[in-house]
Amino acid sequence: MEELFKIEDIEIEQPDTYSASFSTTSTEDSDRTQDLVMHNTPIGTIASYQMGWQYIKTSEASKILRLILNKSKFKVRYYDLYNNSWSSAYFYASNFEMTPLCLSDDYKYIDTFSFNIVKVDPI
């Protein structure tokens, strides 16, 4: 069975680029002492993924935007790098970039389209 990216159980065009980023938050008292030794107490880690497309049809980009823009959360079927498996989880989206549009009579597309999705729950 081929695994596919989905948003709210709707299949989307598979991204051309897909990269993971993890950010760990530590307690307020985590710090280096004067001997420069780090005393760190992690609270948790949040996963985020950058998704990007090249030469995506404006109709597909519009479909994706309507599924994620201004939503407090939405369900994504994605490849979970931490668990090395396909999974579903809730995310929110940020940092949208689109450059430039080509609006010919017979083909409308965006040269590059990308955004970041941030997992709602920690790892």
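Further up the page is the structure itself.
What follows is about the overall build of the protein chain. Within the protein chain, the regular secondary structure consists of 1 helix and 9 strands. Secondary structure elements of the protein chain, listed N to C terminal, follow the sequence β-β-β-β-β-β-α-β-β-β. For the protein chain, the C-alpha radius of gyration of 18 Å lies well beyond 14 Å, the compact-globule estimate for 123 residues. Residues counted as buried form 30% of the 123 residues belonging to the protein chain. Taking contacts inside the protein chain between residues at least 6 apart in sequence as the whole, the part at least 24 apart equals 62%. Accessible surface, the protein chain: about 8000 Å² in total, of which carbon and sulfur atoms supply 48%.

In this structure, glutamate 8 takes a positive phi of about 50° despite not being glycine. Residue placement: glutamate 8 occurs in the loop between β1 (6–7) and β2 (10–11).

On to the nonpolar core. Of all hydrophobic cores here, the largest spans 23 residues; its most connected members are Ile64, Phe113 and Ile117. Among the secondary structure elements, those contributing two or more residues to this core are β6 (42–57), α1 (58–68), β7 (74–80), β8 (85–103) and β9 (108–119). Those residues in contact with phenylalanine 113 that sit more than four places away from it in its chain are Met51, Gly52, Trp53, Ile56, Ala61, Ile64, Leu65, Glu97 and Met98.

With that settled, the discussion passes to α1. Given 3.6 residues to a turn, an α-helix orients residues that are three or four positions apart in the same direction. All of the buried residues along α1 are Glu60, Ala61, Ile64, Leu65, Leu67 and Ile68. Projected down its long axis, α1 carries its buried residues within an arc of 160°, all on one side. Exposed residues on α1 whose side chains face more than 90 degrees from its buried face are Ser59 and Arg66. Those residues of α1 that are buried are in contact with β1, β2, β6, β7, β8 and β9. Note on α1: the residue one or two positions beyond its end, asparagine 70, has a positive phi of about 60°.

It is worth spelling out a nonpolar patch on the surface at this point. A grouping of Phe22, Leu81, Tyr82 and Ile123 is seen on the molecular surface, where their side chains present a nonpolar patch of about 400 Å² in accessible area. With respect to the helices and strands, tyrosine 82 occurs in the loop between β7 and β8. Take tyrosine 82: its relative accessible area is 56%, and that puts it in the exposed class.

Along the chain, glutamate 28 falls in the loop between β3 (17–26) and β4 (31–32). Judged by its relative accessible area of 84%, glutamate 28 is exposed. Note: C-alpha distance between glutamate 28 and phenylalanine 91 (63 residues apart in sequence) is 26 Å.

Each value, and the rule that gives it
Residues numbered from 1 in each chain as written. Predicted model: local features only at pLDDT ≥ 70, side-chain atom pairs only at ≥ 80, totals over all residues. Heavy atoms only, no water. Helix = DSSP H or I, 4+ residues; strand = E, 2+ residues; numbered from the N terminus. Rg over C-alpha atoms; globule rule 2.2 N^0.38 Å. Buried < 20%, exposed > 50% of the residue type's maximum accessible area, 1.4 Å probe, protein only. Contact = heavy atoms within 4.5 Å. Areas by Shrake-Rupley, 256 points an atom, 1.4 Å probe, with all protein chains shown as cover. Core = buried A, V, L, I, M, F, W, Y, C linked by side-chain atoms within 4.5 Å. Arc of directions from axis to C-beta. Patch = residues over 30% accessible without salt bridge, like charges linked within 9 Å, V, L, I, M, F, W, Y side chains within 5 Å. Salt bridge = Lys/Arg side-chain N within 4 Å of Asp/Glu carboxyl O.

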